[in-house]
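As a plain string of letters, each chain reads:
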Amino acid sequence: MATETDAIDGGTGTTSAIQRFDEWLDEDVSPRRALAVYAALGVFMLFLLLPVLYMILATFTNQSFLYSSALLPSLSSLTLANYVNVLSTGAFQQYFVNSTIIATATTALTLSVGTLAAYSLSRFDYPGRGSLLLAFLGTQMLPYVLILIPFFLLMYTLDLINSHLGIIIAHSVIALPLAIWLLKGYFDDIPESLDEAAKMDGCSQLDVLARVILPLSLPGLAVAGFYTFTISWNDFLLVSVLSQTGATRTLPYGLQLFQSQNQVAWHLVLTAATITMVPVIVLFAAVQQWVVKGLASGGMKGT
Amino acid sequence: MEIYILILHDCQWEAMPDSSPDSLRRRKLVQSIGLGAGIALAGCSGDGGDGGSLEGDGDGGGDSLGTETGGGDDGDGGSGADVLHWDAGLPSDEEDLDTAISNIQNFFEERTGEQVQITDYTYEDMRSAYLTGARSGDPDSVEGVLSHLTEYIEADLIEPIGDEAEALEWYDGYVDSTIEAMSYQGELYALPYTGNGRAMIYRRDVFEELGQDPPETADEFLEVGRLIKSETDLTPFHNCTKDGGVRAFQEWMSHVYQHTENLYATDGDGWTLNVDADTLGLVFDKYYHQVWASDDPIADPDQLGTGWQVNDPGYINGNFAMIECGPWIRGWTSGPEIDDSDAASEVLDENTAVAHLPYAEGGERATYLEVKPVMVNANSENGDLGFEAVASRCSPTVMEQQQSHSPGNYVTPVHEDVETTLESENWMPFTDVFETGRALAKISWGPVRQEFYPLMQEVAYGETDPYDAGSTLHSNLKSLEGDL
Amino acid sequence: MATNTSQGRSPRYSEEFKSLLSETWLGYALILPATILVAAIILYPTVRGIQMAFLEVSLLQPGEETFVGLENFAEMANDAVFRTALWQTVLLTALAVSLQYLLGMALAMVLKEKVPGMRFFRSVSMVTWVLPIIVMVILFRFMVQNGFGPANIVLGALGLETTYWFGDPEMAFPLIVLMHVWRNVPFYAIALMAAMNSIPETQYEAARLDGAGALQRFRHVTLPQISYVSMIMIVLHVIFTFNNFEIVYLSTGGGPLGNTEVLATYVYKTAFETYALGYAASMGVVMLVIMLTFTAVYVKLEDTD
């Protein structure tokens, strides 16, 4: 990005700027083609990002702007008041903490259990292996509304209602199948000659996992971990069933409560919504390279 | 065939890809290896050390999990409370909410020496959570609306509290009609803390300017609405048409009650529908078709499908000339929904008056009686304290304390020791309206509501003739008789 | 796998054989925690859910159940709301998934171009996919507020009709489709882009030498090589869209006029408004069967290709 800006406003003369621009383009990308690509990108980015950016902008304005029919606020009217207001709400802080604990623990549980399972599916051969994987993936097909009520009864019997642990387990269960599948795809990609070499050097099967497979699959772990975190952070339905007090409510559930109690207070509702999405977006920014690459290979590959 | 060069020194290795250009997968691996390269493999040299070394590693699934979930397990009652109470009738402003909760908690603690934890909810969420989860014993007590009371009785989710209630020193002070509304087959199932009748709330200034009196009948109502539409900038009227919304149902029931004692009458064992198709059609016509979908509607069709969230603040913010509402709107002059507090005070204090709801031909003055029950979970392991939570929520002392932040709940108090919060003459008619209120029969209202919403919306959106919708509703409600 | 690839490399056959036996057990042991976790939580609710489909049981009295055989399923035939919800679910899924696929493909073609800054765009385009559904719903509801929602301000300035679009019987359904599309297009794009990138350039050159035009190259080189990824994406999203409850529940609740009612929300309402748990469960079973059939048929077709 930095280099791109350089190309546009830096440089001593137009010729050198164009030259440098050409250098950043791959040999086979003509400027005309690049222009078309940027135009198409612009259309897509408008469609995808403009609403999100506008929402973020709106959180820095006040209610009277939101209710006016103006599209853009004046710079002087921008304010942090909404953030102060929402963030100082005790319940909201509590939900934020709950969300963080639950999503982090869900990710840890899913990754540890999922890694073992994926390693087993990738490196061991035993009867029932294929059908186990299918069974895992099959659970993704269950409509939640079908199992909601018996699910509550089960969790009640297990004494997992209204506890962080119960929600963590529930979230792990819904994230596990795809996490295992993604990880397995990653592990499959690592040549077994590496395993063999490590074993020849005295590593046991578990050593191979810990010292060969895991270090090589960090991008895969990042993808699976991010996927799991997002599932947990974003879930509404299961929390609405399992939570009975503010002590276990998470942000999406709290947000739904908040917006039905303050339906006309758009400045606050949008701010709360923005705060809810910020952690997943920050986390995504941190792992995005791996996520994009991970989706680009791993489980998505065609073998 | 993948070619890797492995350099192994005592199980320390570096993997390097061959240099031939190849697919993305190869490139990904190169990068992966770049990432993994720093992680040395010391420790498994020599005699193939078994397992063991797995834990210490960076991935650390097992370890972090243990601490994290261990900390989270004490989810219920972080404050060490003994009793859990659910409530959707608390103020939404955070400061007021805290005050309201501590008023109840303090009273409870004084009486029992124990702690009560209070969780706020919306009615919709609370109802489904209670129906799904109350058998678990939590919460110990629950607030609700009348239709919830009926459902919970039916589901054996609340228990009779007559004996304990009668022992309360303030029991005799509850207004009879509200206690009656809390009873079923001679048993008392709840205590009330607030009650009201729905009235027509209108802009006195606008009516005076146009030289109009508040409408007594539906036709006068529509006529004055159309006059307001042509003479002023205000939207003459708004009512709730939201699918599934509680208010929409209550507003409709108000008008049904003007024509019948109750929608269903009991004949000993079963229930029979107690209204005819034409009446249902008439109510649809006057308050939904004429209002929203006729050639000259008196509401703003852009606001179709909205609920109280538009209705109440819309009036307070000075956009509507008439709404059907309860007295809670009286003190609502601040909060995120209100554009301008001063303007809102002016509207509510000086320019608002209250009248009976208009009724159509063949009807009389009547309205939906709203009484909010507070109930004890029949599965609670702590029923006695659950009852104490109910008693605290509904005690005259707490009611008076709550007046400061929720004056609207105590305009027509359900207990004689509690003074009305009314000061303005204009609002006094609420007391008369309260007396014309009719409480919901003790049937399961879920299926009735389910039949009502789609037909109401079809009429309001102008898709169906109101009288056709009335007769469809009539036959659908008729067929419910057996299931109620 | 790991155990049978090192033939003849070293004279450690007997050791290999021993480890083969113990490794089978190790394989089971490693997958056990995940299996127990998933089975413990999913198995009972699923079995019970399916069992309830053949019972008459009320939410209010869940202890009293009567076996009614296939009556619940027969009831669906006479239930107009069910038919509408089924049709709308199928329509929503078909529209959303095909639009997602087409737009995702287009975006993938753009994202795979090597121009400066592309890495940045690849990343930011994924933002919509990570948003919590409730945030997306709030965002969309704000955009289409009448009077002050930005979408309506723009429409108004262009002299077009404005209204609260979620409350409009004609527009609410397209809006639901739009939310599904908006949310998932980037995911398709990244996956398809990756698949396209792994096609060796030499194949395109060969096609070019054979005189294939751009479209033909797309048809004969690109499409066949991304069919596996396409299948994965389509199957995943058909399941996701078909079963999705939150988007409709949180944005329109099924209205206005039932125009956005889908099976998931209708099942929920049946359970909580009419208390008919058995009937609700039977509709859930129908959803499950439809998804199983779809997936099985699709995967089979893909395999035989």
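Residues numbered from 1 in each chain as written. Chains lettered and ligands numbered in written order. Predicted model: local features only at pLDDT ≥ 70, side-chain atom pairs only at ≥ 80, totals over all residues.

## Describing the overall build of chain B
A tally of helices and strands in chain B yields 18 helices and 16 strands. Evaluated residue by residue, chain B yields a buried proportion of 51% over its 484 residues. By sequence separation, contacts in chain B at least 24 residues apart represent 74% of the contacts at least 6 residues apart. (Helix = DSSP H or I, 4+ residues; strand = E, 2+ residues; numbered from the N terminus. Buried ≥ 20, exposed ≤ 12 C-beta atoms within 10 Å, placed from the backbone. Contact = placed C-beta atoms within 7 Å.)

## A few points about the overall build of chain C
Helix and strand counts for chain C stand at 14 helices and 2 strands. Relative to its length of 305 residues, chain C is extended, with a C-alpha radius of gyration of 25 Å against a globular reference of 19 Å. Dimensions of chain C, computed from the C-alpha atoms along their principal axes, are close to 70 × 60 × 35 Å. Looking at chain C residue by residue over its 305 residues, the buried ones come to 48%. Considering only residue pairs separated by 6 or more positions, chain C has 66% of its internal contacts joining residues 24 or more positions apart. (Rg over C-alpha atoms; globule rule 2.2 N^0.38 Å.)

## Remarks on the domain arrangement of chain C
Each assigned domain of chain C is listed here: domain 1 (2–52) and domain 2 (80–304). For domain 1 of chain C and domain 2 of chain C, the distance between their C-alpha centroids amounts to 36 Å. (Domains from an automatic or database assignment.)

## As for the interface of chain C and chain A
Between chain C and chain A, the residue contacts involve 81 residues of the former and 86 residues of the latter. Ranked by the residues each element gives to the side of chain C that touches chain A, the list is headed by helix α1 (residues 13–52) of chain C, at 19 residues. In terms of residue class, the side of chain C that touches chain A is built from 59 nonpolar, 16 polar and 6 charged. (Nonpolar A, V, L, I, M, F, W, Y, C, P; charged D, E, K, R; others polar.)

## Quick look at the domain arrangement of chain B
Residue and element names in this part refer to chain B. Domains assigned within chain B are domain 1 (83–196 + 371–423) and domain 2 (199–368 + 441–483). On a C-alpha basis, the centres of domain 1 and domain 2 stand 27 Å from each other. With 15 residues of domain 1 at the contact, the number on the domain 2 side is 14 residues. Residue contributions to the side of domain 1 that touches domain 2 peak at 5 residues, all from helix α5 (residues 146–154). Residues that form the side of domain 1 that touches domain 2 fall into these classes: 6 nonpolar, 6 polar and 3 charged.

## As for the sheet that holds strand β9 (residues 199–203) of chain B
Residues and elements named next belong to chain B. Here we have 4 strands laid out as an open sheet, ordered β10-β13-β9-β14, and mixed in their pairing. Whereas interior strands pair on both sides, the edge strands pair on one side only; in this sheet they are β10 (235–238) and β14 (352–355). Here the strands of the sheet are splayed against their neighbours by 20° on average, with no regard to which way each runs. Examined bridge by bridge, β9 and strand β13 (residues 320–325) share 4 bridges and lie antiparallel to one another. When the sheet's bridge partners are listed, Ile201 is paired in β13 with Ile323. (Pairing = 2+ DSSP bridges. Axes fitted to C-alpha atoms, helices over the stretch in contact; angles between N-to-C directions.)

## Regarding the packing of helix α3 (residues 80–111) of chain C against helix α11 (residues 227–243) of chain C
Residue and element names in this part refer to chain C. Where α3 contacts α11, the two axes come as close as 9 Å, and the packing angle between them is 140°. α11 is crossed by α3, and the crossing has right-handed handedness. Only Ile234, His237, Val238, Thr241 and Phe242 of α11 make contact with α3, whose side of the interface consists of Thr89, Leu92, Thr93, Ala96, Val97, Gln100 and Tyr101. A class-by-class count of the residues in the contact of α3 with α11 yields 7 nonpolar, 5 polar and no charged. (Left-handed = near helix turned anticlockwise from the far one by under 90°.)

## With respect to the confidence of the model for chain B
Considering every residue of chain B, the mean pLDDT works out to 81; 83% of them sit at 70 or more. Predicted confidence is poor over residues 1–79 of chain B, with pLDDT under 50, and the contacts of this stretch with residues over four places away or in other chains come to 126 contacts. (pLDDT = per-residue confidence, 0-100.)

## Re the nonpolar core
A:Ile180, A:Ala273, B:Met375, B:Val390, C:Leu192 and C:Leu277 are the most contacted members of the largest nonpolar core, which totals 318 residues. Excluding its chain neighbours within four sequence positions, the residues that come into contact with B:Met375 are B:Ser141, B:Val142, B:Gly144, B:Leu149, B:Tyr152, B:Ile158, B:Tyr189, B:Ala190 and B:Val390. (Core = buried A, V, L, I, M, F, W, Y, C linked by C-beta atoms within 7 Å.)

## Description of helix α9 (residues 218–231) of chain B
Over its 14 residues, α9(B) extends 20 Å from the first C-alpha to the last, a length consistent with the 20 Å expected when each residue adds 1.5 Å. Residues of α9(B) that are buried in the fold lie against α8 (204–209), β10, α11 (277–293) and β13 of chain B. (Expected span 1.5 Å × (residues − 1).)

## Comments concerning the environment of B:Thr112
Residue and element names in this part refer to chain B. As for its position among the elements, Thr112 is in helix α3 (residues 94–112). Along the sequence, Thr112 and Asn319 sit 207 residues apart, while their C-alpha atoms lie 48 Å from each other. Those residues in contact with Thr112 that lie beyond four places of it in its chain are Leu385 and Glu388.

## Points about helix α18 (residues 466–480) of chain B
An α-helix turns once per 3.6 residues; consequently, residues spaced three or four apart project the same way. All names here are of chain B. Taking 1.5 Å as the rise per residue, α18 with 15 residues should run 21 Å; its terminal C-alpha atoms sit 21 Å apart, in good agreement. Taken residue by residue, α18 has Pro466, Ala469, Gly470, Leu473 and Leu477 as its buried positions. One side of α18 carries all its buried residues, which in axial view fall inside an arc of 100°. Every exposed residue of α18 that faces more than 90 degrees away from the buried side is listed here: Ser475, Lys478 and Ser479. Close packing links the buried residues of α18 with β12 (271–273), α11 and α17 (446–460). (Arc of directions from axis to C-beta.)

## Observations regarding the confidence of the model for chain C
Residues and elements named next belong to chain C. Residues at a pLDDT of 70 or more form 92% of chain C, whose mean pLDDT is 87. Between the elements of chain C, mean pLDDT differs from a low of 82, seen in helix α4 (residues 118–124), to a high of 95, seen in α3. Counting contacts from residues 1–8, a segment whose pLDDT is below 50, to residues more than four positions away or on other chains yields 14 contacts. The complex prediction reports pTM at 0.80, with the ipTM value standing at 0.85.

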